[in-house]
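# Per-entry structural report
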Amino acid sequence: MSTNPPGPAADDRMARGLETIRRIERAERPGVLDGFSDVAPGFGEIIVGYAFGDICSRPGLETPTRQLVTVAALTTLGNAAPQLSFHVRGARNVGCTRQDIVETVLHLCPYAGLPATVEALKVVAAVFAAEPGQADDETGSAATDDRYERGLHLLKALDGLTTESADAQGPVADLARCLIEFALGDISGHGGLDARTREIVSIAACTALGTPLRPRLETHLRALLAAGGTEEEAIETVLQMAVYAGVPTAVNGLNAVRDVYRTAAGQPA
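Structure report, in brief. (Residues numbered from 1 in each chain as written. Predicted model: local features only at pLDDT ≥ 70, side-chain atom pairs only at ≥ 80, totals over all residues. Heavy atoms only, no water.)

Before going further, it helps to spend a moment on the overall build of the chain. For the chain, the helix and strand inventory stands at 13 helices and 0 strands. Tracing the chain from N to C terminus, the helices and strands come up as α-α-α-α-α-α-α-α-α-α-α-α-α. Per-residue burial over the chain gives 43% buried out of 269 residues. A fraction of 72% describes how many contacts in the chain between residues 6 or more apart in sequence connect residues 24 or more apart. For the chain, the accessible surface area stands at approximately 13500 Å², while carbon and sulfur atoms represent 56% of it. (Helix = DSSP H or I, 4+ residues; strand = E, 2+ residues; numbered from the N terminus. Buried < 20%, exposed > 50% of the residue type's maximum accessible area, 1.4 Å probe, protein only. Contact = heavy atoms within 4.5 Å. Areas by Shrake-Rupley, 256 points an atom, 1.4 Å probe, with all protein chains shown as cover.)

A few words on helix 11 (residues 214-226). An ideal rise of 1.5 Å per residue puts 18 Å on 13 residues; helix 11 measures up with 19 Å between its terminal C-alpha atoms. Of all the positions in helix 11, only L217, T219, H220, L221, A223 and L224 are classed as buried. Looking at the buried positions of helix 11, the neighbouring elements they touch are helix 6 (109-112), helix 10 (195-209), helix 12 (231-244) and helix 13 (247-264). (Expected span 1.5 Å × (residues − 1).)

Its place among the elements puts R198 in helix 10. There is a polar contact of 3.1 Å between the side chain of R198 and the side chain of H107. (Polar contact = N/O pair within 3.5 Å; in protein donor to acceptor, adjacent residues only side chain to side chain.)

Among the nonpolar cores identified, the biggest contains 52 residues, and F52, V88, I101 and L221 are the most heavily contacted of them. Top contributing element to this core by residue count: helix 10, with 7 residues. (Core = buried A, V, L, I, M, F, W, Y, C linked by side-chain atoms within 4.5 Å.)

Going through the model one piece at a time under the given rule, you end up with 14 salt bridges. Note that D54 is salt-bridged to R16, the shortest N-O span being 3.9 Å. Pair noted here: D54 is in helix 2 (residues 43-55) and R16 is in helix 1 (residues 8-25), with a separation of 38 residues, a long-range link. Since its relative accessible area comes to 28%, D54 is described here as partly exposed. Judged by relative accessible area, which is 35%, R16 ranks as partly exposed. Among the ionic pairs, D34 bridges to R29, the shortest N-O distance being 3.0 Å. For D34, a relative accessible area of 41% corresponds to the partly exposed category. Several salt bridges share partner residues, and in doing so they unite R214, E218, R258 and D259 into one network. (Salt bridge = Lys/Arg side-chain N within 4 Å of Asp/Glu carboxyl O.)

Below, the structure is given as structure tokens:
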């Protein structure tokens, strides 16, 4: 049974994919093209055409931000250290600073958990150690003001979140205070990333983790607009999760985008 040769559309997507991955990898012939030739010939071309031609070359999200989105997804999932290393290097190649990358990984700690964050930071440290020359930027420093007040300020600023749980008694109140101090005061209030980028990487993490985080995903979709982001940036972030977390997770994420932004526009969800 014969197959038709690639048409113009296929040629275009491969060209886009090659241009994109060359920027990220800084290699004329990307390694992925030959990496599976012994077990799955042609799979490298599929990756280039789909992941980098169809998805990552789309307009609406700048390449450095896309790399941080990918770092966020791989940190959160915690199951692909070699790919995380590739994309940390790629983030550096397209202009992300060390601080951008470190703060992205740290920001995902409340979503991914401490073990996944520690492993991701090991990958990041190895990439940085292999770079020639000295560090070109700072990687952040611990804040010294009151972590609870700092976290409470951010909590009030997030659309869809309230401080009602902080007024509860017993274990609920204890957990609320821990979350305010750690997730918001220590992590989100740490500095290094602007509010828009923090919301974008949060959207990536919540989408990658799937349906159980739908309420948090909706919160961050609203917060992205409040931070000066756009609906298009949210859509592109979610679409990119089809590559790194699977098509079903992206479909669920797009459903959340549709419902949140229709409601914001006064349309029925």
